[in-house]
Amino acid sequence: MARNVYGLDLGTYEIKVYDKKNEKIWKEKDVIAVQNRKYVFAVGDEAYEMYEKAPSNIQVVFPMQNGVISHFEDMQYLLTNLLNPERKFMRGSEYVIAVPTDVTEVEKKAFFDLVSYSTARAREVKIVERGIADAVGLGLNIFEEKGILIANFGGGTTDISILSSGGMVLNKLVKIGGEYLDNAVANLVRHNRDFLIGRLTAEALRKEFGVFDQEAHATMQVAGRNLITGVPQLTEIPIGLVRAALREPLKECVRAILSMLDRTPPDVRKVIEKRGMYLTGGLANLRGLDIYLQEMTGLRVRKAPRPELCAVEGLKKIIWNKELKTLTYSMLDEDYRWLR
Ligand SMILES: Nc1ncnc2c1ncn2[C@@H]1O[C@H](COP(=O)(O)OP(=O)(O)OP(=O)(O)O)[C@@H](O)[C@H]1O
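These figures come from a predicted structure and were not determined experimentally.

Draft legend 1. Spatial organisation of the sheet that holds strand β3 (residues 24–29). If you trace the five strands from one edge of the open sheet to the other, you get β3-β2-β1-β9-β10, paired in mixed fashion. Every interior strand has two partners, whereas the edge strands, β3 and β10 (124–129), have only one. Direction aside, neighbouring strands of the sheet carry axes that sit 20° apart on average. Inspection of the sheet shows strand β1 (residues 5–10) paired to strand β9 (residues 94–99) by five bridges, in the parallel sense. Bridge pairing links Leu 8 to Ile 97 in β9.

Given below as structure tokens:
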């Protein structure tokens, strides 16, 4: 099979892929369903459909947690299956992978090894920091700009980066993302209403209500289990309860952004204050999040047009452009000294 070049943004919630040969970008849920702890039953979107609905002999596993790989073999199987469903051999392809910056070298190396040492037999594996891929995806002149603040709100994490002159000045990975918010909503509903809802229902509530711009008396009917009677039933959840659950985790993200700004060199900070910050990642679609962040940080907030695909669009540009390719590196490079 002919060689190909892939851009991979491996997220906790979804894997985004750029396929150079077929000139297309696609995404798939980062989930695998395993039967009797042995046989792979389904992968990707199909496996996600089974989450919270599967019988007890089928385990639905999320191979990534908080932005890093937690089940290496499941992740490798999932990726190989998604890239190569017909299981034709695809040796000799090249990969450019977007990785979070604020993780350990071992965690970063796992992304590299995932492709380097799989049946894919990669010809070349390059890594680029996700904040940089986001900036390229936003169409910013990464080499010239002297102050860029990007917050990537994802499924498992919020990756905050400050860039200047083509490099990372500061970066912080906050372990709060969509999943954390969903758990917060489900927990508050349980404590407040004695009503048990699943994570997917909590996600639907969060997507429906958002953070701002909705009337204060809206409600949504959801299915769950009454914890007093033990009976499954429908109930109305008010918007106020969902907003209350989101408040503290979102404040934590705001605090991380502000504390990073405090540590930013003054000249870079001046440019950021003038230009504002950029919002990327799937959670940036949360209704009203941009207005909320604008009010809380005092910065102008610009949301990427397709925030969840911003990093993979950056990877696409990097793959096609020689100058941008200098932003990538290999962990096998002589001058890359990992663990030292
Ligand atoms: N319209 C929407 N409204 C609210 N939230 C949304 C919307 N669309 C997607 N999301 C949320 O975005 C999150 C996924 O974002 P994204 O795909 O950027 O995450 P990821 O890259 O997989 O995760 P991470 O970057 O943390 O590893 C999910 O929690 C999902 O619920």
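Draft legend 2. Here's a closer look at the pairing of strand β12 (residues 158–164). Burial analysis of β12 places seven of its seven residues in the buried class, the great majority of the element. Of the two faces of β12, both are covered, the one formed by Thr 158, Ile 160, Ile 162 and Ser 164 as well as the one formed by Asp 159, Ser 161 and Leu 163. Two strands pair when backbone bridges link them, and strand β11 (residues 148–153) and β12 are joined in this way by six bridges, in the antiparallel orientation. When the sheet's bridge partners are listed, Asn 152 is paired in β12 with Asp 159. Between β11 and β12, which pair antiparallel and follow one another directly, the connecting turn spans four residues. In this structure, β12 lies alongside strand β13 (residues 167–174), joined through seven bridges in antiparallel fashion. Looking at β13, one finds that Thr 158 is bridged to Val 174. What sits between the antiparallel neighbours β12 and β13 is a turn of two residues, in which Ser 165 has the positive phi angle 45°.

Draft legend 3. Structural detail: the nonpolar core. Ranked by internal contacts, the top residues of the largest apolar core, which has 90 residues, are Ile 97, Val 185 and Leu 279. If you tally residues by element for this core, the top one is helix α7 (residues 239–262), at eight residues. Domain assignment of the residues forming this core places at least three in each of domain 1 (5–132 + 312–325) and domain 2 (145–303). If we ignore the near neighbours within four places in the chain, the residues touching Val 185 are Ala 202, Leu 205, Arg 206, Val 242 and Ala 245.

Draft legend 4. View of the environment of Val 174. Within the secondary structure layout, Val 174 lies in strand β13. Overall, the presence of 22 C-beta atoms within 10 Å leaves Val 174 in the buried class. Sequence separation between Val 174 and Arg 302 is 128 residues, and the spatial gap between their C-alpha atoms is 20 Å. Those residues in contact with Val 174, other than ones at most four positions away along the chain, are Thr 157, Thr 158, Ile 160, Glu 252, Cys 253 and Ala 256.

Draft legend 5. The arrangement of the sheet that holds strand β15 (residues 219–226) in detail. With respect to topology, three strands assemble into an open sheet ordered β14-β15-β16, the strand pairing being antiparallel. On the outer flanks of this sheet lie β14 (195–196) and β16 (232–238), each paired with one strand and no other. Note that β14 and β15 share two bridges and pair antiparallel. In the sheet register, Leu 196 faces β15, and the bridge partner there is Arg 225. The strands touched by helix α6 (residues 199–209) within the sheet are β15 and β16, with β15 carrying the most contacts at an inclination of about 165°.

Draft legend 6. Focus on the site of the ligand. Around the ligand, 19 residues are found, and the nearest of them are Gly 11, Tyr 13, Gly 154, Gly 178 and Gly 282. Across the shell around the ligand, the residue classes tally to three nonpolar, 12 polar and four charged.

Draft legend 7. View of the packing of α6 against α7. It is at 10 Å that the axes of α6 and α7 come closest, and there the two elements cross at 100°. The pairing of α6 with α7 is recorded here as roughly perpendicular in orientation. Taking contact as the criterion, the partners of Leu 205, Arg 206 and Phe 209 in α6 are, on α7, Ile 239, Val 242, Arg 243 and Leu 246. Looking at side-chain class alone, the contact of α6 with α7 contains five nonpolar, no polar and two charged residues.

Draft legend 8. Seen up close, the domain arrangement of the chain. Its domain assignment divides the chain into domain 1 (5–132 + 312–325) and domain 2 (145–303). In this complex, domain 1 contributes 18 residues to the contact, which on the side of domain 2 involves 21 residues. Those elements giving two or more residues to the side of domain 1 that touches domain 2 turn out to be β7 (64–65) and α4 (130–137). When residues in the side of domain 1 that touches domain 2 are grouped by element, the largest group, three residues, is from α4.

Parameters and conventions
- Starting afresh in each chain, residues are numbered from 1 along the sequence in its written order.
- In view of the model being predicted, local features appear only for residues whose pLDDT reaches at least 70, and side-chain atom pairs are presented and counted only at 80 or more, with totals across whole chains, interfaces and linings using the full set of residues.
- By the convention used here, strands pair only if DSSP detects at least 2 bridges between them.
- Each helix is a run of H or I in the DSSP string that is no shorter than four residues. Each strand is a run of E no shorter than two, and both are numbered from the N terminus.
- A fitted line through C-alpha atoms represents every axis, and for helices the fit uses only the stretch in contact; the resulting angles, taken between N-to-C directions, go from 0 to 180 degrees.
- Burial is judged by counting other C-beta atoms within 10 Å of a residue's own C-beta: 20 or more means buried, 12 or fewer means exposed, and anything between counts as partly exposed, with every C-beta placed from the backbone.
- A set of buried Ala, Val, Leu, Ile, Met, Phe, Trp, Tyr and Cys residues, joined through C-beta atoms within 7 Å, is what we mean by a nonpolar core.
- Domain extents, as shown, originate in an automatic or database domain assignment.
- C-beta atoms are first placed from the backbone for all residues, and any pair lying within 7 Å is then listed as a contact.
- Using a C-beta atom placed from the backbone, a residue is described as near a molecule or strand when that atom lies within 6 Å of it.
- Gly counts as polar in this scheme, as do all residues outside two lists: the nonpolar Ala, Val, Leu, Ile, Met, Phe, Trp, Tyr, Cys and Pro, and the charged Asp, Glu, Lys and Arg.
- Here the word oblique covers every angle except those under 35 degrees (roughly parallel), over 145 (roughly antiparallel) and from 65 to 115 (roughly perpendicular).

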